[in-house]
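# Structure at a glance
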Amino acid sequence: MEQTLSIIKPDAVKKNVVGKIIDRFESNGLRVATMKKVQLSQCDAKEFYAVHKERPFFADLVDFMVSGPVVIIVLEGLNAIAKNRELMGATDPKEAAAGTIRADFADSIDANAVHGSDSLENAKREIAFFFANREIY
């Protein structure tokens, strides 16, 4: 079984669609191995998104991710990374396929409802950033 990290971002938490998003995961063969709701600090957000630190959107991304609580989830299933990315849809909700999470719940490319790991290597790193092994069931 493959694992991946998903973050339900502040915009989706504020809209109260966390349950609807989790239902999308579970209805499509992904299992919630663990999850928690947290308020990221500036330090956390900067460290987590450090791969983007040279990009022009980095400061706005950090500010957005600390603007409200997020729900961090470890999803598990066959081809979990690819399945999660398919369910999320394109980064820009205007380009996301109908029925995807971003098409249904995101407002903009910046406030795009969810984050998902893009590779097995990044999934392992991202999961370890937020969870100890003993927290994943």
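The structure displayed is predicted, hence computed values, not measured ones.

## Examining unusual backbone geometry
Although it is not a glycine, Asn16 sits at a positive phi angle of roughly 65 degrees. Within the secondary structure, Asn16 sits in the loop between helix H1 (10–14) and helix H2 (18–27).

## Description of the UniProt feature "active site" (unreviewed entry) in the chain
Those residues carrying the UniProt feature "active site" (unreviewed entry) are His115 in this numbering. For His115, the residues in contact, after removing those within four places along its chain, are Leu5, Ser6, Ile7, Lys9, Phe48, Tyr49, Asn84, Met88, Arg102 and Glu126.

## Quick look at the sheet that holds strand S4 (residues 114–116)
A sheet is described by the order of its strands in space; here four strands give the open sequence S2-S3-S1-S4, paired in antiparallel fashion. The two strands at the open ends of the sheet, each matched to only one other strand, are strand S2 (31–38) and S4. Sheet twist, expressed as the average angle between the axes of neighbouring strands with direction ignored, equals 20 degrees.

Rules used in this analysis
Residues numbered from 1 in each chain as written. Predicted model: local features only at pLDDT ≥ 70, side-chain atom pairs only at ≥ 80, totals over all residues. Heavy atoms only, no water. Helix = DSSP H or I, 4+ residues; strand = E, 2+ residues; numbered from the N terminus. UniProt positions renumbered as here; feature names shortened; annotations may be inferred. Contact = heavy atoms within 4.5 Å. Pairing = 2+ DSSP bridges. Axes fitted to C-alpha atoms, helices over the stretch in contact; angles between N-to-C directions.

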